[in-house]
Structures are given as structure tokens and as C-alpha cells.
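# Working through the structure, step by step
Residues per chain, in single letters:
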Amino acid sequence: MTRISRRTLMASVAVISVFGGSRIALAADKILASVPGLSFPFFVHMMNAFKAEIAKQGYEAVESDGQVSSPKQTADVEAAIAQGVKGIVISPNEVDAMAPALEQAVEAGIPVVTVDRRVPSVEGILAHIGADNVKGGEAQANLIVSLFPDGATIVNLQGQPGASPAIDRNKGLHNVLDGMADKYKIVFEQTANFARDKGLSVTEAALSGLAEAPKVIVAANDDMALGAMEAVKARGLSGIVIIGFDALPEALAQVRDGGLTATIEQFPGQQSALGVQTLTAFLKDGTKPAEKVLLLTPVAITKDNLNTAERLGEVK
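All of these numbers come straight from a predicted model, not from anything done at the bench. (Residues numbered from 1 in each chain as written. Predicted model: local features only at pLDDT ≥ 70, side-chain atom pairs only at ≥ 80, totals over all residues. Heavy atoms only, no water.)

### So, the pattern of salt bridges
A pair can form between side chains of opposite charge whenever their charged atoms are brought close. For the structure on display, the rule yields nine salt bridges. D246 serves as the salt-bridge partner of R169, at 3.6 Å between the closest nitrogen and oxygen. Separated by 77 residues along the polypeptide, R169 in helix 6 (residues 164-177) and D246 in the loop between strand 11 (241-243) and helix 9 (249-257) bring together distant segments of the chain. In this structure, R169 and D246 share a single accessibility class: buried. One connected set of salt bridges, linked through shared partners, spans R196, D223 and E250. (Salt bridge = Lys/Arg side-chain N within 4 Å of Asp/Glu carboxyl O. Helix = DSSP H or I, 4+ residues; strand = E, 2+ residues; numbered from the N terminus. Buried < 20%, exposed > 50% of the residue type's maximum accessible area, 1.4 Å probe, protein only.)

See the structure below:
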């Protein structure tokens, strides 16, 4: 009787793995789709776009919820590598922490496309599709300048430390405002970790500690901006300009209704679809992208151009 090794046997059958609490059978025609955390509406939209495009391209998606934990997302990537997925499309939780897992994938010959969050330290990644978050931060700052030509005091709610969008959006904001620091003064600046509850509590702390209410609250995502909006309402304040980032449907509704002044559209659905298309083109016939890094230019969304928002159709 011919003996079959355990490795051969495991490779010849469907392997069952746990991703985000659900059991999923992995096979050779599957693609891992991984996001930092499905507790964020932005990443729910991104995951839905991933899955829709993966199915459209004739593959099956393996969904990975990183749960805002680099060890969890790393474990998902390592499991997918071991089980032989065809490719990986991923928005990494943290730039540095996710690098070793993505290096393992590349070394295993599994093509990787990063979306939204880039990991430039890993050589061999097939492509990165994202938004130019520096330009997005600059768009926030330029809007402040246009709304307050004589200057303004500003509270800046920063995103998750170590996440490339948080780093780049903050850089873009400072690129513009630091050159006019005599007129545009950031009077409070602290991370609120991209979370709504933190946006609320950090804004409450800022408003409590300032002698006068700021003219502007700028946030690195909409969840923090919506939290800040609640803090402002709770104090009975009015006239404070609040600017978010991500153009979530709830934020778009608040722009329409006056709760937020603006949000930044970075076209996450388009990013996700392009990321999957880039990966599957390589899987099908070895086509490499013309550009290894493709960055979409974010746009400030106000009442005046609300109809250009990607997710306007979801606004209630």
C-alpha cells in the first residue's frame, strides 16, 4: 500500500480555517481579502467591494476581519499562505507590524496587492492602489483656508498611530497650515484612533481645556468627526466647522443637513475594485500593472458638490 504523507494529504483536500469567527473552506481558486477591522463602516464598504469584484473576476473571496489587531491580521495571512490561496488583497492594519506576514506571502510566491494602506518596506508586492492621503490632508487644510481667509483656531483629531493614512493625512494638513502658522493655529492635537467614541471623548477634553471654542475641528476620518459633532452639540455650541474624511453615508447625510461642513472623498470602492482587477489580471495571464503605485486624488465634499460622492446612493 502506498503511503501518503500528511502534507500531501492536506494539500489534496479542502482545508477549513477560522477567519473572524467563521469557518471557511479554502481551495486553490480563492483570494484572501483582508481589512483592518469590520467594526469601521469604511472597511465594511471596502470588504463588500473586494468580495463583489473577486466574484466578478471568477474567484471566491476568503474574508479576513483584522479586528484592529495586527497579530490577528497576521494570523489570517499566515493561515492563508499555508492553505495555498491564489492571491492576497489587503488593507494592512499597521505599516510596520504587517510587513513580516506580507514578506512571507511574497516569498511563498503568492501575489499581494495592498489597498488604502501601503507597506513600502516589503519588496515584491505586486502593486498598491490607494488614495493620495497627503493630498487628502492638504484638501482639508485648503478648505479651512478658503473658509477662514483671515485665520482660524483648529482642533486636529489624528488617526490610528502607525497607520499610513493617519500619518499621511496629518502630514498633508501640516504641509499647508504650518506655512501660515501665524494665522492658522492648531490649539489642540491628539489621536482619537479613528474611533467615534474616542472622537467624542477627545473633543470633550479639548473643549474643556480651551479658553475659547475653536473655529474648526478637523478629523482624519468621519467616525471621529461624527463623535466630535456630538461633543459640540452636547455643549450647545454652534458655528464650529467640522471636517471629516472618508465620505461615509452617515457623514454625507450630515454634510447635507449641516452637522458637518465637509468630508473628503477617497473613492474606496474604486480603490478596492482596481486592487482586485490588478491582482486577478496577474493571476490569469501574468499581466503586471503599468504602475506599481496608483494613487487616486481625494476631493473635498461639501453641500455644493455632494452629488459627486461615491456612496451618495446609500444616504438615507
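### What about helix 6?
Over its 14 residues, helix 6 runs 20 Å from end to end, which matches the ideal 20 Å to within 8%, given 1.5 Å per residue. Within helix 6, burial applies to S164, P165, A166, R169, G172, L173, H174, V176 and L177. Its buried side turned inward, helix 6 meets helix 5 (133-147), strand 8 (152-158), strand 9 (184-191) and strand 10 (216-219). (Expected span 1.5 Å × (residues − 1). Contact = heavy atoms within 4.5 Å.)

### Notes on the sheet that holds strand 8
One open sheet accounts for four strands, arranged 9-8-10-11; its pairing is parallel. In this open sheet, the two strands that pair with only one neighbour each are strand 9 and strand 11. Ignoring strand direction, the axes of neighbouring strands in this sheet form an average angle of 15°. Direction of pairing for strand 8 relative to strand 9: parallel, over a ladder of seven bridges. Its bridge partner being in strand 9, V155 is matched across the sheet by F188. (Pairing = 2+ DSSP bridges. Axes fitted to C-alpha atoms, helices over the stretch in contact; angles between N-to-C directions.)

### Let's talk about the packing of helix 2 (residues 41-56) against helix 10 (residues 268-285)
Orientation of helix 2 relative to helix 10, taken along the N-to-C sense of each, is 35°, at an axis distance of 8 Å. For the element pair helix 2 and helix 10, the recorded crossing hand is right-handed. Residues F42, H45, M46, A49, F50, E53 and I54 of helix 2 form the contact with helix 10, whose own contacting residues are P268, G269, S272, A273, V276 and Q277. Classifying every residue of the contact of helix 2 with helix 10 gives eight nonpolar, four polar and one charged. (Left-handed = near helix turned anticlockwise from the far one by under 90°. Nonpolar A, V, L, I, M, F, W, Y, C, P; charged D, E, K, R; others polar.)

### Topic: the sheet that holds strand 4 (residues 60-65)
Read from one edge to the other, the open sheet built from six strands follows the order 4-3-5-6-7-13, with strand pairing classed as parallel. Edge strands, defined here as strands with exactly one partner in the open sheet, are strand 4 and strand 13 (293-296). Each adjacent strand pair in this sheet contributes to an overall mean axis angle of 15°, direction not counted. As judged from the six bridges shared by strand 3 (residues 30-35) and strand 4, these two strands associate in the parallel manner. Within strand 4, the position partnered with A33 by the bridge is E63.

That's the geometry; what it means functionally is another story.
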